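Structure assessment
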Amino acid sequence: MADEVVLLDFWPSPFGMRLRIALAEKGVKYEYKDEDLRNKSPLLLQSNPVHKKIPVLIHNGKPVCESVIALQYIDEVWTNKPLLPSDPYLRSQARFWADFVDKKIYDIGRKTWTTKGDEQEAAKKEFIDCIKLLEVELGDKPFFGGETLGFVDVTLVPFYSWFSVYEKYGNFSIAPECPKFMAWVKRCMEKESVSKSLPDQDKVCGFVAEMRKKLGVE
Amino acid sequence: MAEEEVKLYGTWRSPYSRRVEIALKLKGVQHKYYEEDLTNKSPALLKYNPVHKKIPVLVHGEKVIAESHVILEYIDETWKGYNILPKDPCEKAKARFWARFIDEKCIPALKKACASIAEEREKAVEEACELLQLLEDELKHKKYFGGDCIGLVDIVANFISHWLKVVQEVVGVELLTIKKFPRLCEWSEHFVCHHAVKDCLPPKEKLLAVFHSHYGSATTSKC
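Let me begin by describing the structure that accompanies this report. (Residues numbered from 1 in each chain as written. Chains lettered and ligands numbered in written order. Predicted model: local features only at pLDDT ≥ 70, side-chain atom pairs only at ≥ 80, totals over all residues. Heavy atoms only, no water.)

**Some thoughts on the overall build of chain A**
Inclusion rule: Each helix corresponds to a stretch of at least 4 residues labelled H or I by DSSP, and each strand to a stretch of at least 2 residues labelled E; elements are numbered beginning at the N terminus. The globule rule is 2.2 Å times the number of residues to the power 0.38, and the radius of gyration it is compared with is taken over C-alpha atoms. Exposure categories follow from relative accessible area, calculated using a 1.4 Å probe and restricted to protein chains: below 20% of the type maximum is buried, above 50% is exposed, and the middle band is partly exposed.
Scanning chain A for helices and strands turns up 10 helices and four strands. Listing each helix as α and each strand as β along chain A from the N terminus yields β-α-β-α-β-β-α-α-α-α-α-α-α-α. For chain A, whose C-alpha radius of gyration is 17 Å, the value lies close to the compact-globule estimate of 17 Å for 218 residues. Residues counted as buried form 52% of the 218 residues belonging to chain A.

Below, the structure is given as structure tokens:
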């Protein structure tokens with residue numbers, strides 16, 4: 001009963017990183033396929049015809065799209081090292097905060113480096129406010145999942161690989177404002193499943209610099 | 001634990017709020033309902049959902065849950081009996097995918113099409129109809145998105161079954177028509193008559209009045 005697992009991904013994608021971490025945590029062997037998003041593979045287009053986006057998890061030929069949905073799928077199929085708690089209320093809290101990360105961190109983080117002027121200043125402030133709110137939610141726990149990495153940790157930590165992009169083009173510094181958050185990042189990065197799934201911040205920064213040059217942005 | 005008091009903070013006209021009512025009804029869960037005035041949010045709402053300050057919010061004993069899709073999954077996991085989500089992980093993932101698609105793509109596109117005017121309208125309607133076509137195709141020959149019984153996707157699609165019909169009548173835009181989407185229309189007829197749904201729909205006349213004042217008077221309307 002050999003499981004065939006394929007991950008269609010793009011190395012700088014924080015959404016893809018989520019699945020890499022989850023699969024590594026569970027010790028699931030899989031084939032990693034890096035997509036060229038300007039020239040999407042027939043497999044990607046066939047596996048995610050609605051959105052044509054990565055990541056896509058393909059398990060024994062069946063595709064699962066959308067990273068938060070695929071995370072839950074991984075947790076339900078491979079039941080070792082659970083990411084979500086078993087209690088329905090605690091599960092609902094984890095889902096709420098994962099939804100918060102999806103609604104806020106990605107969009108606002110993106111605005112910190114793709115906008116200018118007042119819009120950028122507002123985005124920077126809102127980004128720090130969101131991180132601080134997450135710090136409150138974390139409280140004294142080592143991880144959002146408690147003693148071990150959980151659903152919210154896996155959803156959130158990939159954005160750390162983009163911090164130097166936000167800071168460079170947004171011209172601000174996150175660590176001094178959010179020391180608790182950075183301590184949590186450090187604890188996550190001590191886990192091999194995380195450190196091996198996140199690209200170096202410098203590599204992501206270099207990728208963005210290349211992209212901006214190609215697009216003719218200053 | 002499941003016997004603790006259940007309270008729902010919502011509004012009569014919100015499809016998100018009404019989704020939770022449908023789910024509670026499917027599970028046979030009694031609840032106390034609190035109607036919120038969103039122009040003057042109650043201290044209770046602000047206390048229970050300080051992050052987003054939005055409805056719906058479900059309070060179960062001491063537990064507080066916000067965000068309609070999070071609430072729906074909580075309801076499904078807490079009260080046994082009726083299955084709102086499938087048990088199989090693959091089918092569950094598909095249901096979550098379509099529910100997310102409706103919320104993140106469909107509804108915003110439908111609202112945009114209804115709010116747009118003049119030159120923008122044609123393009124907005126075309127884009128919204130492309131998304132509705134995906135739902136039409138996904139429905140296939142099933143009675144409901146959930147198969148023989150209503151499930152998560154049907155509940156999340158409640159906007160399409162009722163609110164959309166009212167808005168398109170008010171603004172005179174052709175989105176959900178029998179000619180273009182026969183299966184979706186048939187699904188809609190079954191859905192609004194379902195025992196757990198029919199009392200969870202805002203009265204059409206009240207909605208019409210609200211949408212008239214929101215979107216302005218109807219132009220020519222053919223549906």
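**What about the pattern of salt bridges?**
For the record, the criterion: Any carboxyl oxygen of Asp or Glu within 4 Å of a side-chain nitrogen of Lys or Arg constitutes a salt bridge here.
Tallying each qualifying case throughout the model produces 32 salt bridges over all chains. Between A:E177 and A:K132 there is a salt bridge, with the nearest N and O atoms lying 3.5 Å from each other. Remark: A:K132 occurs in helix α5 (residues 117-138) and A:E177 occurs in the loop between α7 (163-170) and α8 (179-189); sequence separation between them is 45 residues. We note a salt bridge from B:E138 to B:K140, for which the minimum N-O separation is 3.7 Å. Taking relative accessible area as the criterion, B:K140 reaches 43% and is therefore assigned partly exposed.

**Structural notes on the interface of chain A and chain B**
The criterion, for reference: Note on definitions: a residue-residue contact is assigned when non-hydrogen atoms from the two residues lie within 4.5 Å. Accessible area, probed at 1.4 Å, shrinks when two parts are joined; the buried area is that loss added up over both. As used in this structure description, the phrase polar contact means that two N or O atoms lie within 3.5 Å; if the pair is within protein, one of them must be able to donate a hydrogen and the other to accept it, and residues adjacent in sequence are counted only when both atoms belong to side chains. Asp, Glu, Lys and Arg are counted as charged, while Ala, Val, Leu, Ile, Met, Phe, Trp, Tyr, Cys and Pro are counted as nonpolar; the rest, among them Gly, fall into the polar class.
Chain A puts 27 residues into the contact, and the matching count from chain B is 25 residues. Buried area between chain A and chain B, both sides added, is near 2300 Å², and the carbon and sulfur share of it is 67%. When the buried area of chain A at its contact with chain B is split by residue, A:I69, A:Y89 and A:F96 rank highest and sum to 24% of it. Between chain A and chain B we count seven salt bridges in total. Note that A:R95 is salt-bridged to B:E77, the shortest N-O span being 3.1 Å. Between the two partners, chain A and chain B, sit 10 residue pairs in polar contact (both at pLDDT 80 or more). Contributing elements (two or more residues each) for the side of chain A that touches chain B: β4 (62-65), α3 (67-77) and α4 (88-114) of chain A. Sort the elements by how many residues they give to the side of chain A that touches chain B and α4(A) lands first, with 13 residues. Grouping the constituent residues of the side of chain A that touches chain B by class yields 13 nonpolar, five polar and nine charged.

**Quick notes on unusual backbone geometry**
Here the bond from A:I54 into A:P55 is cis, since omega is -5 degrees, no more than 30 degrees from zero. Its place among the elements puts A:P55 in the loop between α2 (42-47) and β3 (56-59). Between B:I55 and the following residue, B:P56, the backbone shows a cis peptide bond with an omega angle of 0 degrees. The residue B:P56 is located in the loop between α2 (43-48) and β3 (57-60) in this model.

**Examining the sheet that holds strand β1 (residues 6-10) of chain B**
Residues and elements named next belong to chain B. Formally: At least two DSSP bridges between two strands are required for those strands to pair. All axes are obtained by fitting lines to C-alpha atoms, using only the stretch in contact for helices, and the reported angles, taken between N-to-C directions, cover 0 to 180 degrees.
Pairing is mixed in the open sheet, where four strands are placed in the order β2-β1-β3-β4. The sheet is open, and its two edges are formed by β2 (32-35) and β4 (63-66), each paired on a single side. Direction aside, the axes of adjacent strands within the sheet are offset by 20 degrees on average. Of the pairings in the sheet, the one linking β1 to β3 comprises four bridges and is antiparallel in character. The residue of β3 that forms the bridge with L8 is L58. Of the strands in this sheet, β1, β2 and β3 touch helix α1 (residues 15-27), which is tilted by about 155 degrees from β1.

**Re the sheet that holds β3(A)**
Residues and elements named next belong to chain A. The mixed open sheet is built from four strands, whose spatial order is β2-β1-β3-β4. If you trace the sheet from one side to the other, it starts and ends with β2 (31-34) and β4, each paired once. Direction aside, neighbouring strands of the sheet carry axes that sit 20 degrees apart on average. Across four bridges, strand β1 (residues 5-9) lies against β2 in parallel orientation. Following the sheet pairing, L7 is matched in β2 by Y32. Most of the contacts of helix α1 (residues 14-25) go to β1, to which it runs at about 155 degrees, and overall it touches β1, β2 and β3.

**Topic: the side chain of A:D153**
All names here are of chain A. Structurally, D153 is set in helix α6 (residues 151-156). A polar atom in the side chain of D153 sits 2.9 Å from the backbone nitrogen of G145. Looking at D153, its side chain comes within polar contact range of the main-chain nitrogen of G150, at 2.8 Å. Ignoring anything within four residues of it in the chain, the contact list for D153 reads F143, F144, G145, T148, P158 and W184.

**Some thoughts on the packing of aromatic side chains**
All names here are of chain A. Condition: Stacked, edge-to-face and tilted labels apply to pairs of Phe, Tyr and Trp rings (six-membered ring for Trp) whose centres lie within 6.5 Å, assigned for plane angles under 30 degrees, over 60, and everything in between, in that order. Distance and angle both matter: a charge sits over a ring if NZ of Lys or CZ of Arg is within 6 Å of the ring centre and within 35 degrees of the ring normal.
Under the defined criterion, the tally for this structure stands at 25 aromatic pairs over all chains. An angle of 70 degrees between the planes, with centres 5.7 Å apart, marks the rings of Y160 and F163 as edge-to-face. Owing to a relative accessible area of 3%, F163 belongs among the buried residues under this scheme. In this structure an aromatic cluster arises from ring pairing among F127, F144, Y160, F163, Y166, F172, F181 and W184. The ring of W11 has K203 sitting right over it, with the charged end atom 4.4 Å from the ring centre. Over the ring of Y169 we find R212, and its NZ or CZ is 3.9 Å from the ring centre.

**Some words on a nonpolar patch on the surface**
Residue and element names in this part refer to chain A. Threshold: Patch rule: a residue counts if its relative accessible area is over 30% and it has no salt bridge; like charges are joined within 9 Å, and nonpolar side chains (Val, Leu, Ile, Met, Phe, Trp, Tyr) within 5 Å. Here the accessible surface of atoms and residues is derived via Shrake-Rupley with a 1.4 Å probe, and residues count as covered only by protein chains that are part of the display.
There is a patch of nonpolar side chains on the surface, built from M211, L215 and V217 and spanning about 260 Å² of accessible area. Residue position: L215 is located in helix α10 (residues 201-215). You can call L215 exposed: its relative accessible area is 65%.

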